[in-house]
Amino acid sequence: MFDSTRRDARPRIAPAGLMFLAITSIGWGFNWPVTKFLLSELPPLTLRGVTGVLGAVLLAALAVLRRQSLKVDPAIWPRLLTAAVLNVTGWMVLMGLALLWLPASEAALIAYTMPVWASIIAWPVLGERPTLLRTLGLVMAFVGLASIMGGNGIAASVEKLPGIIMALAGALGFAVGTVFSKKYPIHLPPITAAAWQIGIGCLPISIIGLMVETTHLSNVTPLGWWLLVYSTVVQFCIAYVSWFAALARLPASVAAIGTMAVPVIGVVASAMALHEPLGPGQIAALIFTLAAVVLATR
């Protein structure tokens, strides 16, 4: 088994890891406009927390059906709790709140500065020295994001500042969680690991949301109920399991750069579903980002 803490070994890129990464990017990309729409019908903490807990229950049931044990060795609990807070709790809370101040497309763009922080942290912590191609890929990805920003005209106004800060904080926390999970791997099957992390991460969010927020289920439209199913099943069950499976098979920096397809998918999906801006900048971003992902996996 590859030891991610060794500095003299070059991480190998498994094709299955790239497949799981693609599934993750698609699932999370479409979830940005889905969440933005649902926030018009449900409060943010309740929305993120309850759907996460339901997703964790579904994953636990799937693990049992597949005869996978849900038992966690006592020695694993500290890293499991830490990963859950960084990869789930912080991300869900901060990004859910950021969408109250920002359009889905802008929130996705700011959130996916995450690969920069992950690549920087992975160098001294994991010894993942950035290669020339990966560095070029990272630069191209941010050229793509910059082209979207130019097309959308992001204005860092006082009104948007809370959302920008929350999105950046969530990105930094997820980057730390990504590197932490590689440094201290959680030796559990992907479904079991996802069930525990999502459940642990979302349970306090749902409790606080139900205590401090007012939820009117009568406000949820038929489309909203279908999107809740998407958010629960695709975002939490399919995409998160795929993310943990990809992270186990790819270097942390490659996995992080690969997720830069998410904001492009989010911007295009937001334009189609929410009528947010889509023009030459978004098309250029798609080209640059896809090229960046190819370079990052070389």
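Residues numbered from 1 in each chain as written. Predicted model: local features only at pLDDT ≥ 70, side-chain atom pairs only at ≥ 80, totals over all residues. Heavy atoms only, no water.

1. Quick word on the layout of surface pockets
- In this structure, the second largest pocket spans a volume of roughly 190 Å³.
- Taken together, 13 residues make up the lining of the second largest pocket; nearest its centre are L42, V50, T51, L54 and L228.
- For the lining of the second largest pocket, the secondary-structure elements that each account for two or more residues are helix 2 (44–65) and helix 9 (222–249).
- When its residues are assigned to classes, the lining of the second largest pocket shows nine nonpolar, four polar and no charged. (1 Å grid on protein atoms, 1.4 Å probe; cavity = no way out; pocket = protein on both sides within 12 Å on 5 of 7 lines; lining within 4 Å. Points joined across faces, edges and corners; volume = space filled by probe spheres on them. Helix = DSSP H or I, 4+ residues; strand = E, 2+ residues; numbered from the N terminus. Nonpolar A, V, L, I, M, F, W, Y, C, P; charged D, E, K, R; others polar.)

2. Looking at the nonpolar core
- Counting residues in each nonpolar core, the largest one holds 55 residues, and the members touching the most others are W32, W91 and Y240.
- Broken down by element, the residue count for this core peaks at eleven residues, all from helix 9.
- Once residues lying within four places of it in the same chain are set aside, the contact partners of Y240 are W28, N87, V88, W91, M92, F174, I198 and Q235.
- Counting eight residues, the second largest nonpolar core, distinct from the first, contains V72, A83, F180 and I186. (Core = buried A, V, L, I, M, F, W, Y, C linked by side-chain atoms within 4.5 Å. Buried < 20%, exposed > 50% of the residue type's maximum accessible area, 1.4 Å probe, protein only. Contact = heavy atoms within 4.5 Å.)

3. Describing empty space enclosed by the protein
- This model, assessed by the stated rule, comprises two cavities of 30 Å³ or more.
- Here the largest cavity defines a volume of roughly 110 Å³.
- What lines the largest cavity is simply W28, N31, W32, T35, R48, W91, M92, M95, Y112, Q235 and Y240.
- Of all the secondary structure elements, the ones that give two or more residues to the lining of the largest cavity are helix 1 (15–38), helix 3 (77–98) and helix 9.
- With four residues, helix 1 is the single largest residue contributor to the lining of the largest cavity.
- When grouped by side-chain class, the residues that make up the lining of the largest cavity number seven nonpolar, three polar and one charged.

4. Some points on unusual backbone geometry
- Notably, R67 is not glycine yet its phi reads approximately 60 degrees, a positive angle.
- When you line up the elements, R67 lands in the loop between helix 2 and helix 3.

5. Focus: the side chain of T51
- As for its placement among the helices and strands, T51 is situated in helix 2.
- Within polar-contact distance, the side chain of T51 engages the backbone oxygen of L47 at 2.6 Å.
- With residues near it in sequence (within four places) discarded, T51 still touches T46, L228, S231, T232 and F236. (Polar contact = N/O pair within 3.5 Å; in protein donor to acceptor, adjacent residues only side chain to side chain.)

Geometric values such as these leave the question of function open.
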